[in-house]
2 protein chains.
Amino acid sequence: MFEFEITSNCSNTGARTGIFHTPNGQVSTPKFMPVGTLATVKGISSKQLTSTGSEMILSNTFHLHLQPGEKLVKESGGIHKFMNWPKPILTDSGGYQVFSLAKLNNISDEGVEFKNPRDGNHVFLSPEKVIQIQMDLGSDVAMAFDHCPPHTANENDIEDSLQRTHSWLQKCVETHKKSNQALFGIVQGGKYPRLREFSAKYTSSFDLPGIAVGGVSVGEAVEEIHNVINYVPKFLPINKPRYLMGIGSLREISLAVANGFDIFDCVLPTRLGRHGTAFFNDERLNLRNARFKNDFSPIDKTCKCETCKSYSRAYLHHLIRNDEILGLSLISLHNIAHLIRFTNAISTAIRDNCFTNDFAPWKTSSIAHHTW
Amino acid sequence: MFEFEITSNCSNTGARTGIFHTPNGQVSTPKFMPVGTLATVKGISSKQLTSTGSEMILSNTFHLHLQPGEKLVKESGGIHKFMNWPKPILTDSGGYQVFSLAKLNNISDEGVEFKNPRDGNHVFLSPEKVIQIQMDLGSDVAMAFDHCPPHTANENDIEDSLQRTHSWLQKCVETHKKSNQALFGIVQGGKYPRLREFSAKYTSSFDLPGIAVGGVSVGEAVEEIHNVINYVPKFLPINKPRYLMGIGSLREISLAVANGFDIFDCVLPTRLGRHGTAFFNDERLNLRNARFKNDFSPIDKTCKCETCKSYSRAYLHHLIRNDEILGLSLISLHNIAHLIRFTNAISTAIRDNCFTNDFAPWKTSSIAHHTW
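Keep in mind that what you see is a predicted model, and the values were worked out from it rather than measured.

(A) Inspection of the side chain of Thr61 of chain A at higher detail. Residues and elements named next belong to chain A. Along the chain, Thr61 falls in helix α2 (residues 61–66). Judged by its relative accessible area of 1%, Thr61 falls in the buried class. Thr61 has contacts with Thr91, Asp92, Ser93, Gly94, Val130, Ile133, Gln134 and Leu137, leaving out every residue within four places of it along the chain.

(B) Representation of the UniProt feature "binding site: substrate" (unreviewed entry) in chain A in the model. Residues and elements named next belong to chain A. Listed under "binding site: substrate" (unreviewed entry) in the UniProt record, and renumbered for this structure, are Asp92, Ser93, Gly94, Gly95, Tyr96, Asp146, Gln188 and Gly215. Note that Asp92 resides in strand β6 (residues 89–92). What makes Asp92 buried here is its relative accessible area of 7%. Each residue touching Asp92, except ones within four places of it in the same chain, is listed here: Leu58, Ser59, Asn60, Thr61, Gln97, Gln134, Met143 and Met245. As for its placement among the helices and strands, Gly215 is situated in the loop between β12 (210–213) and α9 (222–231). Filtering out sequence-adjacent residues up to four positions away, Gly215 remains in contact with Gln188, Arg196 and Glu220.

(C) Examining the interface of chain B and chain A more closely. In this complex, chain B contributes 37 residues to the contact, which on the side of chain A involves 37 residues. At the boundary of chain B with chain A, total buried surface from both sides reaches about 3300 Å², with 56% on carbon and sulfur atoms. Our enumeration of links across chain B and chain A arrives at 2 salt bridges. Lys42 of chain A is paired through a salt bridge with Glu324 of chain B; the nearest N and O atoms lie 2.5 Å apart. In this assembly, chain B and chain A are joined by 16 residue pairs in polar contact (both at pLDDT 80 or more). Contributions of two or more residues to the side of chain B that touches chain A are made by α1 (46–51), α3 (70–75), α4 (79–83), α12 (306–310), α13 (313–321) and α14 (325–351) of chain B. Residue composition of the side of chain B that touches chain A, grouped by class: 16 nonpolar, 13 polar and 8 charged.

(D) A look at the environment of Arg251 of chain B. Residue and element names in this part refer to chain B. Along the chain, the position of Arg251 falls in helix α10 (residues 250–258). Among the residues examined, Arg251 registers a relative accessible area of 42% and is labelled partly exposed. Sequence separation between Arg251 and Phe355 is 104 residues, and the spatial gap between their C-alpha atoms is 13 Å.

(E) Representation of the sheet that holds strand β9 (residues 122–125) of chain A. Residues and elements named next belong to chain A. Here we have 3 strands laid out as an open sheet, ordered β7-β8-β9, and antiparallel in their pairing. Each of the sheet's edge strands pairs with one partner strand only, and the pair in question is β7 (103–107) and β9. With strand direction ignored, the average angle separating the axes of adjacent strands in the sheet is 25°. Note that strand β8 (residues 112–115) and β9 share 4 bridges and pair antiparallel. Bridge assignment links Val112 to a residue of β9, and that residue is Leu125.

(F) Inspection of the packing of aromatic side chains at higher detail. Counted by the stated rule, this structure contains 26 aromatic pairs over all chains. Seen in terms of ring centroids, Tyr311 of chain B and Tyr315 of chain B are 5.3 Å apart; in terms of plane orientation they differ by 15°. Their pairing is stacked. An identical accessibility class is assigned to Tyr311 of chain B and Tyr315 of chain B; each is buried. Here the aromatic residues Phe342, Phe355, Phe359, Trp362 and Trp372 of chain A are joined through ring pairs into a cluster of three or more. Taking NZ or CZ as reference, Arg313 of chain B lies 5.3 Å from the ring centre of Phe280 of chain B, over its face.

(G) Spatial organisation of a positive patch on the surface. A contiguous patch of positive charge, built from Lys47 and Lys309 of chain A together with Lys47 and Lys309 of chain B, is present on the exposed surface. Tracing the chain through its elements places Lys47 of chain B in helix α1. Residue Lys47 of chain B is classed as exposed on the basis of its relative accessible area, which comes to 54%.

(H) Highlighting the relation of the copies chain B and chain A. For the pair chain B and chain A, the relating rotation is 180°, the translation along its axis is 0.0 Å, and the fit reaches an RMSD of 0.0 Å. Within this description, the copies of the chain are treated as partners about a two-fold rotation axis. When each C-alpha of chain B is compared by its distance to the rotation axis, Ile325 of chain B comes out closest, at 3.7 Å. Here 100% of the contact residues of chain B are again contact residues in chain A; the copies associate through an equivalent surface.

(I) Representation of the packing of helix α7 (residues 155–175) of chain B against helix α8 (residues 193–204) of chain B. Residues and elements named next belong to chain B. Running from N to C, α7 and α8 point in directions that differ by 5°, and their axes come no closer than 11 Å. Relative to α8, α7 is oriented roughly parallel. Side by side, α7 and α8 meet where Glu155, Ile158, Glu159, Leu162, Gln163, His166, Leu169 and Gln170 of the first sit next to Arg194, Leu195, Phe198, Ser199, Tyr202 and Thr203 of the second. When the residues that make up the contact of α7 with α8 are grouped by side-chain class, the tally is 6 nonpolar, 5 polar and 3 charged.

(J) Fine view of the pairing of β8 of chain A. Residue and element names in this part refer to chain A. Residue alternation in β8 divides its side chains into a buried set, Val112 and Phe114, and an unburied set, Glu113 and Lys115. Examined bridge by bridge, β7 and β8 share 4 bridges and lie antiparallel to one another. When the sheet's bridge partners are listed, Asn106 is paired in β8 with Glu113.

(K) Examining the sheet that holds strand β4 (residues 31–33) of chain A more closely. Residue and element names in this part refer to chain A. Strand order in the open sheet formed by 8 strands is β4-β14-β13-β12-β11-β10-β6-β5, with parallel pairing between adjacent strands. Where the open sheet ends on each side, the last strands, each with one partner, are β4 and β5 (57–60). Averaged over all pairs of adjacent strands, the angle between their axes in this sheet comes to 25°, without regard to strand direction. Looking at chain direction, β4 and strand β14 (residues 263–265) are connected through 3 bridges and run parallel. Bridge pairing in β14 places Phe32 opposite Phe264. This element, helix α6 (residues 127–137), spans β6, β10 (141–143) and β11 (182–187) of the sheet and lies at about 160° to β10. Each of β11 and β12 touches helix α8 (residues 193–204); the most contacted strand, β11, lies at about 165° to it.

About the criteria used
- Residues numbered from 1 in each chain as written.
- Chains lettered and ligands numbered in written order.
- Predicted model: local features only at pLDDT ≥ 70, side-chain atom pairs only at ≥ 80, totals over all residues.
- Heavy atoms only, no water.
- Helix = DSSP H or I, 4+ residues; strand = E, 2+ residues; numbered from the N terminus.
- Buried < 20%, exposed > 50% of the residue type's maximum accessible area, 1.4 Å probe, protein only.
- Contact = heavy atoms within 4.5 Å.
- UniProt positions renumbered as here; feature names shortened; annotations may be inferred.
- Buried area = accessible area lost by both parts, 1.4 Å probe.
- Salt bridge = Lys/Arg side-chain N within 4 Å of Asp/Glu carboxyl O.
- Polar contact = N/O pair within 3.5 Å; in protein donor to acceptor, adjacent residues only side chain to side chain.
- Nonpolar A, V, L, I, M, F, W, Y, C, P; charged D, E, K, R; others polar.
- Pairing = 2+ DSSP bridges.
- Axes fitted to C-alpha atoms, helices over the stretch in contact; angles between N-to-C directions.
- Phe/Tyr/Trp six-rings, centres within 6.5 Å; stacked < 30°, edge-to-face > 60°.
- Lys NZ or Arg CZ within 6 Å of the ring centre and 35° of its normal.
- Patch = residues over 30% accessible without salt bridge, like charges linked within 9 Å, V, L, I, M, F, W, Y side chains within 5 Å.
- Areas by Shrake-Rupley, 256 points an atom, 1.4 Å probe, with all protein chains shown as cover.
- Lys, Arg positive; Asp, Glu negative; His and termini not counted.
- Charge placed at Lys NZ, Arg CZ, Asp CG, Glu CD.
- Least-squares fit on C-alpha atoms with pLDDT ≥ 70 in both.
- Parallel < 35°, antiparallel > 145°, perpendicular 65-115°, else oblique.

Below, the structure written as C-alpha cells:
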C-alpha cells in the first residue's frame, strides 16, 4: 500500500510521471488536487468533481476539527463516505491554518493553543492530537503537524520553528498507527537554503510514504518560491511522491514538475471562481467585466468540462452579475478542470518527451500542443 | 404544434394524464415546473436539472427584461440556448411580478409604469411589449399580460382589474405572431365566483393552445385557494392544458389535478432549499436543526435524486450550518426531484385508477403506494 511507481522520466528535466497507490484508488502524477476545506469543494457536487478528472482532493484537519468534529465524521463512516468522495483524500494537518487563521494564545513544544475563530473558545492542537484527528477522519494521506512562521520571520526564528516542526514530526510518526493511511512529513525552512537542506534531509530520514514541501506561497516574492522549488528537491528521496503545498499557478507548477514535484493543491480555482474569475490558458478572465456581456463563446472552446460544453461567457457574466450561485459553481468547476487538464497534459508531455519547464501547451507553436 | 393529447382519464376524479407537444419536446402531464427566474434554476446546472426528471421549466419575463434584456437573450440564440435548457420553457408574463415586486408609478389601460427595483429607472410594460419580449426570448409558451390586484381588493376593484386583464389579453393575442410559440391566457377574478366564471369563459373564448388560472396563492386563505381550484375548471376547455400558477404544495396539487389541472409551478422547492429546508413526504425538514447533526440517512431513502443517492442529512446539516453553497444546491435539487416525483406518481396513479384528491402515495396504507 502507498507504493509510488515512477512510470516515466523526462529526458529534458527532472520531471517524472508516476502512480501513487492508496486504499481508495490511484493517483496518476503529476496531478493537481482541488481543495475541499470543510469536506466540500465549494459549490461542486462529487459527481461534478468526478467529471473534472480530479483524483485526490485535499481537506483540512483544522476546519473539520472545529466543524463538524472528527468524531462525527468517523461516526458517519469516515471522510470519504461523509462527503461522498470515494477516491483518495489527503488531509492537511492544520499547521498552516492555525498560524494563518487563528488568534494564537500560546505556542510551545507541546502544541498550539488558539481561539476558535467561530466561537472564541480555546482550542489546543498538538502533533499527537492532529494525528489522532486525521486517523479519525480516515483520509488516505495524513500530514504531519508543522509550525509555519510568517515569511517575514528572521533566520533565527525560522530555525526555532523548524526545530519544533522536526520534533513534532517525530511525535507524529510515533503517534500515527493506521496501516491504511499514509503519513507525509513537511519540509520547512523558509527562504534559507541551509535550513531547507537540513529540513529536507531530516524529514526524508523518516522514510515515510511521501514528503511535502510547505511554507511556500505564503506571501513571499515569486523568486523566493522559485528558489525553494529549484533547491529543495535534490535533498528529497527520488522514489516517493513529492507534494508542493499551496501552489496552483501554471508557471510554478511547470517549474516544480521540472524539478521533480508530483502533487499540488491550491484554493485559487474555487476562490477565484467564486469571484467570477475564470482560467483561460495562462490568463484570468474576470467574467464580471462588461466585455463578456455579449460573448457567446465558452470560457475555453478547447475545454471539455461541463461548464465549457454547456454555457457561454455571456451567460456566466449574467449569472455573476446577478449573484446567482450557479455562476460561482460553474466557474469553479471549469477552473478545477483547467488545472487537472494542465497537469494531465504535463504527464502526456513527459511521456512524449516534449515537457519543458515553461510548459504552455495551448500555444499552437508549442511542441507539446497535441497534449492540450 | 402545441397539441394536447389526453392519454387517460381518472375514473374517480376529474384528473387526466396528457402529453403537451412543444417545439422543444413534450411535457407529460400532470407535471410540476421548476422556476428559473433569471434563466437559472437557482444553484442547479442544466445537467442536474435534467436528472430530476424536469421537463418544462418556467422563466420570468419581468426579470429577464430588466437583466440581461431580451435582445441579448435573442442574440445568444434564444432562451433555450442561453441557459442550456433544450427542453420546453414557459415564460411568465411579468404581470404578477410587476404588481408584487415593483414600486408602481402608474397603471392605465395601456400598461404599467414602474420603478426598476435594481436601479430606480422607470420601466413601462404593456401587453404589446410583454408579448414582444417573450417572442424575443423564444420560449415555447408565452403568457398573456395580466393585472394582479392584491387579494384584499374589493369586488369592484377586482372587476376593474379583470376588465383590464381581458382587454390586455385581446391585445396580446393581436400582437403575438410566432408560430413556434404558444400563447396562454390567464384567468383572474380573485375569490369571486361570478368574476372567475366570467374570466374563465372570456379567456376560453380565444381558443388558445392552453389556459392558466392566476391570482391564487397570493396571500389568501387556503380555503379560498381550494374554492378557486374546485370552481374554475368547469368553465375551462377540456382539451387544453390547464396551468394553475404558483402552486407547489402537495395537498393543493392533488386537489387541482383531481379538478383537471395539468401544470404547476412554484418557487418553494428552491426558495426553501436555499434556507436548508428539505421536502420529505408531505413534511418539511429544517436540516439546520440540531437533530440532523448525527442523522446519517439520506433526506429520503426512497428518493432516487443525486442528493439522496449521495449525501446524508448529517452532511447537508454540516453544509448548511457552515453556509456552504453546495448545501443549498443539493437540497434544492432534491426538492425539485420530490415534486417531479410527486406529479409523476400522480400520472401513474391516474392510469392505474388509484388516484385520489388526497394523494399521499408514500403511506404504506395508500392504494397508490406502488406509484411512489
